[in-house]
Amino acid sequence: MSGFTFAVGNLAKVASLPLYGAGALASWFVPRDDSLWVVGCGTGLAEGPLAVARAASAVPARRVVWLASDADEASAARTRGLIAFRKRSWRGFWTTMRARVLVITHGFGDVN
């Protein structure tokens, strides 16, 4: 069983830098939605990000989307009354591009 190491995680992020750059460039041309928040957590549907998503969802004029790592996490988020999209999908990417607020608590893997 292999575990997470910061060296491997950091190397993966460095290898992803060109994608981050392309996303940053594309985001200049995509209008933001002031009412849209995107929340996710690299460790799953739990902890502080879930509490933030619930509290933010209580504001009527705000749309909060949970970005899930897999289908089970998306289903669990929907069961809790959240809107959920797969993080590594076109819809998840587009929602991230449109959101005014991105909630990141554990690292860049929380959202796109």
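Figured I'd write up the structure that's included with this text. Everything quoted here is computed from the prediction, not taken from an experiment.

The rules behind these values
In every chain, residue numbers begin from 1 and rise along the written sequence. Selection of residues for local features in this predicted model requires a pLDDT of at least 70, selection of side-chain atom pairs for listing and counting requires 80 or more, and totals for whole chains, interfaces and linings are taken over all residues. With hydrogens and water stripped out, all remaining heavy atoms of the structure feed into the side-chain values. Only protein chains enter the accessibility calculation, which uses a 1.4 Å probe; a residue whose area is less than 20% of its type maximum is buried, one above 50% is exposed, and one in between is partly exposed. A run of H or I in DSSP counts as a helix once it spans at least four residues, and a run of E counts as a strand once it spans at least two, with each numbered from the N terminus. Only heavy atoms matter for contacts: two residues are in contact if any of them lie within 4.5 Å across the pair. One requirement defines pairing of two strands: DSSP has to find at least two bridges between them. To get an axis, a line is fitted to the C-alpha atoms, and for a helix only the part in contact is used. The angle between two axes follows their N-to-C directions and goes from 0 to 180 degrees.

## Notes on helix α5 (residues 90-98)
Restricting attention to buried positions, one finds in α5 the residues Gly 92, Thr 95, Thr 96 and Met 97. Close packing links the buried residues of α5 with α2 (17-27), β1 (33-40), β2 (63-68), β3 (83-86) and β4 (99-103).

## Focus: the sheet that holds β1
Within the open sheet, the four strands sit side by side as β3-β2-β1-β4. Their pairing is parallel. Each of the sheet's edge strands pairs with one partner strand only, and the pair in question is β3 and β4. Direction aside, the axes of adjacent strands within the sheet are offset by 30° on average. Strand direction decides the pairing type here: β2 and β3, joined by four bridges, are parallel. Within the sheet, the bridge partner assigned to Trp 66 lies in β3 and is Ala 84. Sitting on the sheet, helix α3 (residues 47-57) touches β1, β2 and β4, and the angle it makes with β2 is about 155°.

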